[in-house]
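Structure at a glance
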Amino acid sequence: MRQIKPIITALLIIMTQLVFAQKKTIEKADKFYETFFFKDAIVQYEDALTMNLNAKTEMYVLLQLAKCSQYSFQYTQAEEYYERLLAMYSKEPRPDVVLEYGIMLKFNGKYEEAREQFKRYNKLTDGMDPYGNFHLRSVNWASANDTIYKPVYVSRTNLDISGQSLGYAMYKNGIVYAHGRRKPSINLMKIFDLDFAQRIDSLNFMPMSSVLIDSIQFMSHEGSPTFTSDYSTMYFTANAAVVKDGRVVKEFEEATRKGIINLKIYEVSVTDGKFSRLMELPFNNRSYNCTHPHISADGSILYFSSDMPGGSGGFDLYAVKKDKRTGRWSSPINLGASVNTEEHDIFPYTNKGAFYYSSKGLNGYGGYDIYSARIMSNGIPSTPKNMGRPYNSFRDDIAYMSFGEGITGYLCSNRGNDEGDDEVYFFREYPRSLPIILGEDMRRFDSIRKVEMAYGIHKTEQKAQMPPLPSKLVPVAQVPSPLAIAEPAAPNTASNKKSGKINVEAYAKPLPPRKIQQELNDAVFDDPIRTDNDDVMLNLVFNNVNFEFNKATLLPEMLPILDSAAAFIRQGSTIRLEISANTDSRGTSDY
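Now for a quick tour of the structure. Remember, predicted model here, so these are calculated numbers, not experimental data.

**Quick look at the pairing of strand 19 (residues 369–374)**
Pairing of strand 18 (residues 354–359) with strand 19 involves six bridges; the strand directions are antiparallel. Each bridged residue has a counterpart across the sheet, and for Tyr357 the counterpart in strand 19 is Tyr371. When strand 19 meets strand 20 (residues 385–386), the two strands line up antiparallel, connected through two bridges. Bridging across to strand 20, Ser372 finds its partner in Lys385.

**Focus on unusual backbone geometry**
Each neighbour pair has its own omega, and for Arg389 with Pro390 the value is 5 degrees, a cis peptide bond. You can see Pro390 is positioned in the loop between strand 20 and strand 21 (397–403). Its identity is not glycine, yet Phe36 carries a phi of approximately 70 degrees, on the positive side. The topology assignment puts Phe36 in the loop between helix 1 (4–34) and helix 2 (38–49).

**Looking at the packing of aromatic side chains**
The geometry of an aromatic ring pair is captured by two quantities: the separation of the ring centres and the angle between the planes. Scanning the model with the defined rule gives 28 aromatic pairs in all. Each ring, one from Tyr349 and one from Tyr400, has its centre 6.1 Å from the other, and the planes form 70 degrees; the classification is edge-to-face. Taken together, the positions of Tyr349 in strand 17 (residues 345–351) and Tyr400 in strand 21 put the pair 51 residues apart, joining distant regions of the chain. For Tyr349, a relative accessible area of 0% puts it in the buried group. Of the aromatic side chains, those joined through ring pairs into one cluster are Tyr153, Phe205, Phe403, Tyr410 and Phe426. Directly above the aromatic system of Tyr365 lies the positively charged group of Arg389, at a separation of 4.5 Å from the ring centroid. The positively charged end of Arg415 is found above the aromatic ring belonging to Tyr425, 5.3 Å away from the centroid.

**Some points on helix 5 (residues 95–107)**
Residues three or four positions apart in an α-helix share a direction because the helix packs 3.6 residues into each turn. End to end, helix 5 covers 19 Å across 13 residues, agreeing with the expected 18 Å (1.5 Å per residue, within 8%). Across the 13 residues of helix 5, 10 count as buried, placing the element largely inside the fold. All buried positions along helix 5 are accounted for by Val97, Val98, Leu99, Tyr101, Gly102, Ile103, Met104, Leu105, Lys106 and Phe107. Against helix 3 (55–71), helix 4 (75–87), helix 6 (111–124) and helix 7 (130–144) lie the buried residues of helix 5.

**So, the sheet that holds strand 12 (residues 274–280)**
Taken in spatial order, the four strands make up an open sheet running 6-7-11-12, and their pairing is antiparallel. Two strands lie at the open edges of the sheet, namely strand 6 (222–227) and strand 12, each paired on one side alone. Averaged over all adjacent pairs, the angle separating strand axes in this sheet is 30 degrees, with direction ignored. Direction of pairing for strand 11 (residues 263–271) relative to strand 12: antiparallel, over a ladder of five bridges. Bridge pairing in strand 12 places Val270 opposite Phe275.

**Topic: the sheet that holds strand 1 (residues 152–156)**
In a beta sheet, neighbouring strands are held together by backbone hydrogen bonds and run either parallel or antiparallel to one another. Sheet architecture is open: four strands sit in the order 1-23-22-21, paired in antiparallel fashion. This sheet does not close on itself; its edge strands, each paired only once, are strand 1 and strand 21. Averaged over all adjacent pairs, the angle separating strand axes in this sheet is 25 degrees, with direction ignored. Where strand 1 lies against strand 23 (residues 423–429), five bridges are found, and the strand directions are antiparallel. The partner of Val154 across the bridge, within strand 23, is Phe427.

**Things to note about the pairing of strand 18**
Among the six residues of strand 18, six are classified as buried, and the element is accordingly described as predominantly covered. Every second residue of strand 18 is oriented toward a common face, with Ala354, Tyr356 and Ser358 on one face and Phe355, Tyr357 and Ser359 on the other, all of them buried. Sheet analysis places strand 17 next to strand 18, joined by five bridges and oriented antiparallel. Bridged to Ile346 within strand 18 is Ser358. Joining the antiparallel neighbours strand 17 and strand 18 is a turn of two residues, in which Lys352 adopts a positive phi near 55 degrees.

**Focus: the packing of helix 3 against helix 4**
At a minimum axis separation of 8 Å, helix 3 and helix 4 run at an interaxial angle of 160 degrees. With respect to each other, helix 3 and helix 4 are oriented roughly antiparallel. Considering the relative orientation of helix 3 and helix 4, their crossing is left-handed. Residue-level inspection shows Met59, Leu62, Leu63, Leu65, Ala66, Lys67, Ser69 and Gln70 of helix 3 in contact with helix 4, the latter providing Tyr75, Gln77, Ala78, Tyr81, Tyr82, Arg84 and Leu85. By residue class, the composition of the contact of helix 3 with helix 4 is 10 nonpolar, three polar and two charged.

Conventions adopted
In every chain, residue numbers begin from 1 and rise along the written sequence. With pLDDT at 70 or above as the cut-off, local features in this predicted model cover only qualifying residues; side-chain atom pairs require 80 or more to be listed or tallied, and sums for whole chains, interfaces and linings still use all residues. Note that water and hydrogens are dropped before the side-chain values are worked out from all heavy atoms of the structure. Only strands joined by at least two bridges in the DSSP assignment are considered to pair. A run of H or I in DSSP counts as a helix once it spans at least four residues, and a run of E counts as a strand once it spans at least two, with each numbered from the N terminus. Pairing of aromatic rings covers Phe, Tyr and Trp, the last counted by its six-membered ring, and requires centre-to-centre distances within 6.5 Å; plane angles under 30 degrees mean stacked, over 60 mean edge-to-face, and any other angle means tilted. Relative accessible area decides the class of each residue, using a 1.4 Å probe on protein chains only: under 20% of the type maximum gives buried, over 50% gives exposed, and in between gives partly exposed. By definition, being over a ring means that NZ of Lys or CZ of Arg is both within 6 Å of the ring centre and within 35 degrees of the ring normal. A helix is expected to span 1.5 Å multiplied by its residue count minus one. Contact definition: two residues touch when any of their heavy atoms are within 4.5 Å. Structural elements are reduced to axes, namely lines fitted to C-alpha atoms, with helices fitted over the stretch in contact, and the angle between N-to-C directions of any two is expressed from 0 to 180 degrees. An angle below 35 degrees is read as roughly parallel, one above 145 as roughly antiparallel, one from 65 to 115 as roughly perpendicular, and any other as oblique. Whether a crossing is left-handed or right-handed is set by the direction in which the near helix is turned from the far one by less than a right angle, anticlockwise for left-handed and clockwise for right-handed. Residues are sorted three ways: Asp, Glu, Lys and Arg are charged, Ala, Val, Leu, Ile, Met, Phe, Trp, Tyr, Cys and Pro are nonpolar, and all the rest, Gly among them, are polar.

What follows is the structure in structure tokens.
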């Protein structure tokens, strides 16, 4: 017995230490979770999961991991944690876990499996929850429309956002966008600053230092830029700060009672290539968020998203009108039930009488989808319609922005990765009579490198260079961001005098269709020649299909013409092709 006592004591000490370590790790993870540092929380919860946890604690950790992954837009990982959690229930599971699992299945494009979980949820709740009924209707809609694609070219650009998109706007020869950076003592969360990149072509940008952008210096998040048509004024979003005499004098002073530093909309003048006269717009309030500003082409209406009291549920869309005589803004006007839903409605944008925005509260393919509506005479949008594929995917699709007649533009999406990061995509619409290269839009991750035909649309991973944008753009900008309320920033940073949770939203002039058709009509068909084996040889000569200078690469704007030729050639049952081209003597004498 004298030898057993010390052994038992030692085991008790070890067990106590293990339990203490589990508790400390989970408490640390919980603290990160409560302050919206979801990626930091994931690291701690995953560490706790490697320990010898009892069943109840393990289920709690799995639930927290699922929620943190979901809020970080890592939907595949969230699905796996919800699945593991549901497998641990000995009796009927919690209905909310079943619902969230179904939502993650939908966000991963698994419509049939998601449908079964929504049915299961409705059975657990006796069909009394309208939210469950909505998700069942929505997944039925997604399944029915999953293979219907519009003739739109979509391809990823090289613009590096480094996280969740907080918006962009075209500015003269480039783009102003929110770029995420990790800063000392901010853990794994990034702080977003406005940056500038010169536009090389439709798919390629070159980040550059800009005196204009460098003159805005908020210590916390900046994003959601939008310019007036003459580039004289920019509106943008930043975490609440005290502004006096046209500049920021105090930050981290505008926290709510819960210690959250919400988002506000600011206005700055652009003079001689620099920002001046920084001011806060009058409808801001420290108690709620105002974000995603978009100014109409004539500068008279500012649309934005807010979670102010009196809305439909999450973030609603609002408009304020500017008095031409006094320059004062009206009180916010809610855009109404036809547009706003019980979910988040974000990223308003207008062009040529059309209104665009992203929402999760209407029938859609997965997360946020992009919708369009006509703007009525009173400035309020009509009933919106889903823009369909490939604008939308089963992930989050936001921050629609188009130019001119609306056939070219950009959008943001996390469809191309499983890390929750947004990427900027270029799009271009084509006439329905033309076959289209869809670029990198994909139905499933495992089909990225597959070539498939769907409704006459050729989907491939090819990234064709598209024509440049017009020299004069309608500078309507907006803010891309995957989800509306997002991760707040770090309390007690080295430069902060006060702690607070910083809210951040986790949130080419192409050939016109007539010109394309005319080029095809102008092609010269030589007289047919019948060969000895009774085949027919037909020469098809294009006089206006050109290569890039000093290269064997076709100009991007030539692609639609050749696509039209391909459509013509496909009409033949058996065809052999011989393709030839010639060069000319263009260039300087030195060359």
